[in-house]
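Here is how the chains run, residue by residue.
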Amino acid sequence: MPFVKGQSGNYKGRPPKERALTAILQAALDRKFGEIALKQIMAKKMAFAIATGEIEFTNGKKTRRIKLDSDQWMQLIKFVYSHVDGPARAELDVNANTTQVQVNLYLPKKDNDGNS
């Protein structure tokens, strides 16, 4: 394509930068363990942990289960939910003609022990 004065030659723009750790993890989780991809095994283990409150580890012939406490269980649910549905959408109208912004935060009340 001939050079045209005043026009960029890079119509597609700069190529997106690859996220190194994400690419490495994706490749590792796409590997198969027998007939099942590692990410499928991980998903099944997380679903089992959410359903039972226990996480299961298998090492060859021996299986070990660890009971999740309520905080660990809730963190797992939040992690899975955020990766299935994505984080809650937040929008801010920067073109608004107002000078004040009102923000309401609703936080759970905690008792003296720090529990919600």
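These notes cover the structure that comes with them. Worth saying up front: this structure is predicted, and the values here are computed from it rather than measured.

### Quick word on the packing of helix H1 (residues 20-30) against helix H2 (residues 38-52)
With their axes 6 Å apart at the nearest point, H1 and H2 run at an angle of 85° to one another. Taken together, the axis directions place H1 and H2 in an arrangement best described as roughly perpendicular. On H2, the residues that touch Gln26, Ala28, Leu29 and Asp30 of H1 are Leu38, Lys39 and Met42. The residue makeup of the contact of H1 with H2, split by class, is 4 nonpolar, 1 polar and 2 charged.

### Focus: the layout of surface pockets
To find leftover empty space, one rolls a probe the size of a water molecule over the atoms. Space inside the largest pocket adds up to approximately 400 Å³. Lining the largest pocket are 14 residues, and of these Leu38, Ile41, Met42, Met46 and Phe79 lie nearest its centre. Breaking the lining of the largest pocket down by element, the ones donating at least two residues are H2, strand E3 (54-59) and helix H3 (70-84). Class assignment for the residues of the lining of the largest pocket results in 11 nonpolar, 1 polar and 2 charged. The volume enclosed by the second largest pocket comes to roughly 160 Å³. Looking at the second largest pocket, the residues that line it are Thr22, Leu25, Gln26, Leu29 and Lys39. Tallied by class, the residues present in the lining of the second largest pocket amount to 2 nonpolar, 2 polar and 1 charged.

### Side note on a nonpolar patch on the surface
Together, Leu21, Ile24 and Leu25 give the surface a local cluster of nonpolar side chains, amounting to about 320 Å² of exposed area. By secondary structure assignment, the location of Leu25 is in helix H1. We classify Leu25 as partly exposed; its relative accessible area is 45%.

### Regarding the pattern of salt bridges
This model, assessed by the stated rule, comprises 3 salt bridges. Residue Asp30 pairs with Lys39 through a salt bridge whose shortest N-O separation is 2.6 Å. Using a relative accessible area of 36% as the deciding quantity, one classes Lys39 as partly exposed. Close ionic contact of Glu54 with Arg65 constitutes a salt bridge, the shortest N to O distance being 3.5 Å. Residue Glu54 is located in strand E3, and its partner Arg65 is located in strand E4 (residues 62-67); the two are separated by 11 residues in the primary sequence. Classification of Glu54 by relative accessible area gives partly exposed; the value is 22%. Residues participating in the shared-partner salt-bridge network are Glu54, Glu56 and Arg65.

### Examining the pairing of E4
Among the 6 residues of E4, 0 are classified as buried, and the element is accordingly described as predominantly exposed. Hairpin geometry of E3 and E4 is characterised by an intervening segment of 2 residues between the two adjacent antiparallel strands and by a positive phi of about 65° at Gly60.

### Description of the packing of H2 against H3
H3 packs onto H2 with a crossing angle of 135° between their chain directions and a minimal axis gap of 10 Å. Judged by the inter-axis angle, H2 sits oblique to H3. The handedness of the crossing between H2 and H3 comes out as left-handed. Where H2 approaches H3, its residues Met46, Ala49 and Ile50 are matched on the opposing element by Trp73, Leu76, Ile77, Phe79 and Val80.

Basis of the calculations
- Residues numbered from 1 in each chain as written.
- Predicted model: local features only at pLDDT ≥ 70, side-chain atom pairs only at ≥ 80, totals over all residues.
- Heavy atoms only, no water.
- Axes fitted to C-alpha atoms, helices over the stretch in contact; angles between N-to-C directions.
- Helix = DSSP H or I, 4+ residues; strand = E, 2+ residues; numbered from the N terminus.
- Parallel < 35°, antiparallel > 145°, perpendicular 65-115°, else oblique.
- Contact = heavy atoms within 4.5 Å.
- Nonpolar A, V, L, I, M, F, W, Y, C, P; charged D, E, K, R; others polar.
- 1 Å grid on protein atoms, 1.4 Å probe; cavity = no way out; pocket = protein on both sides within 12 Å on 5 of 7 lines; lining within 4 Å.
- Points joined across faces, edges and corners; volume = space filled by probe spheres on them.
- Patch = residues over 30% accessible without salt bridge, like charges linked within 9 Å, V, L, I, M, F, W, Y side chains within 5 Å.
- Areas by Shrake-Rupley, 256 points an atom, 1.4 Å probe, with all protein chains shown as cover.
- Salt bridge = Lys/Arg side-chain N within 4 Å of Asp/Glu carboxyl O.
- Buried < 20%, exposed > 50% of the residue type's maximum accessible area, 1.4 Å probe, protein only.
- Pairing = 2+ DSSP bridges.
- Left-handed = near helix turned anticlockwise from the far one by under 90°.

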